[in-house]
Amino acid sequence: MSELTALIFDVDGTLADTERDGHRVAFNLAFQEASLGWDWTPELYGELLAVTGGKERIRYYLEKFNTEFQKPGNFDEFVAGLHAAKTSFYTKLMADGAVPLRPGVERLIQEARDAGLRLAIATTTTPENVTALLTYTLGADSLEWFEVIGAGDIVPAKKPAPDIYHYVMEAMNLPPEQCIAFEDSYNGIRSSVQARLATVITTNGYTAHDDFSGAAIVLDQMGEPNADFTVINGEAGGHRYLNMDMVRELHQAANV
Ligand code: XBP
Ligand code: MG
């Protein structure tokens, strides 16, 4: 039986509901600034989330939803420029406090730190976005709480590929049996499960109907002592909010 040593968190949708009110808004601001006339509504954005990564998502939009657009000759540069503008808008939104952490996230992170567990991040988003979210929610010091922040283009294949989890575990010199992952989406759990990680899912508006086969448990949120989670699938062992006791139990059950 391997001992639980590290918690590895996804960011978007897991730590905070950044997609609809953060990333989507920032994309639209970048499109406006470039006078493109594109509008990613909350509904359309739900479909665009099929593809992870902002640059990849812009390309997917043009392939599937806006095929009329005449691509400029320097298309790679065009996408990279738009995406850089989007990142700048996104980090400003975070600085304005546009998106809070989800219920239970800060409490669980503090509990894990108090228990001496190691922490890491495995995300598809751009590193600056992680820095901004953590700084403006948990404070600048929190960046040091995470031993490894695996983000963005650091691996060639983004989620659902397992590469980012492999990268993080290699950097921590830990096998999957000593870790547990926290995810919110189909692409996220495909990535973590392929990396052989026990995975706790907290769903959100965009992912409530995703296929979470292979999850240790599926919850609607981590919850708080005064705000119970709802179990969507799995066994919560009598717990009503996600604390470190429950995380250890889930890890143990997944690694027998
Ligand atoms: C997050 C994403 C990201 C963001 C956009 O997925 O899909 O692409 O939406 O970020 P996950 P960038 O939560 O599975 O990591 O624009 O910085 O790429
Ligand atoms: Mg996510």
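Below, the structure is looked at part by part.

Rules used throughout
- Residues numbered from 1 in each chain as written.
- Chains lettered and ligands numbered in written order.
- Predicted model: local features only at pLDDT ≥ 70, side-chain atom pairs only at ≥ 80, totals over all residues.
- Heavy atoms only, no water.
- Donors = N, O, S within 2.8 Å, 3.2 Å for Na, K, Ca; no water.
- Helix = DSSP H or I, 4+ residues; strand = E, 2+ residues; numbered from the N terminus.
- Buried < 20%, exposed > 50% of the residue type's maximum accessible area, 1.4 Å probe, protein only.
- Contact = heavy atoms within 4.5 Å.
- Salt bridge = Lys/Arg side-chain N within 4 Å of Asp/Glu carboxyl O.

**Remarks on the coordination of the magnesium ion (ligand 2)**
Here's step 1: Distances from the magnesium ion (ligand 2) to its protein donors, D10 (OD), D12 (O) and D184 (OD), fall at 2.1 to 2.2 Å.
Here's step 2: Sequence spacing of the donors to the magnesium ion (ligand 2): D-x1-D-x171-D. Of this pair, D12 sits in the loop between β1 (6-9) and α1 (18-33) while D184 sits in the loop between β4 (179-183) and α8 (186-194); the two residues are 172 residues apart in sequence, bridging distant segments of the chain. In this structure, D12 and D184 share a single accessibility class: buried.

**Quick look at the environment of N129**
Here's step 1: Here N129 is to be found in helix α6 (residues 127-137).
Here's step 2: Sequence-wise, N129 and S88 are 41 residues apart; in three dimensions their C-alpha atoms are separated by 8.9 Å.
Here's step 3: Contacts of N129, omitting those with residues within four sequence positions, involve H23, K86, T87, Y90 and T91.

**Quick notes on the pattern of salt bridges**
Two side chains that carry opposite charge are able to pair once their charged atoms sit near each other.
Here's step 1: Tallied over the full model, the rule gives 13 salt bridges.
Here's step 2: Here R107 makes a salt bridge to E111, at a shortest N to O gap of 3.2 Å. Taken together, the residues R107 and E111, both in helix α5 (residues 105-114) and 4 residues apart, mark about one turn of the helix.
Here's step 3: For R107, a relative accessible area of 17% corresponds to the buried category.
Here's step 4: On the accessibility criterion, E111 (26% relative accessible area) is partly exposed.

**A few points about unusual backbone geometry**
Here's step 1: That bond from K159 to P160 is cis: its omega, 15°, falls within 30 degrees of zero.
Here's step 2: In this structure, P160 sits in the loop between β3 (146-150) and α7 (163-172).
Here's step 3: A positive phi is found at N173, a non-glycine position, where the angle reads about 55°.
Here's step 4: Relative to the helices and strands, N173 resides in the loop between α7 and β4.
Here's step 5: Take N173: its relative accessible area is 69%, and that puts it in the exposed class.

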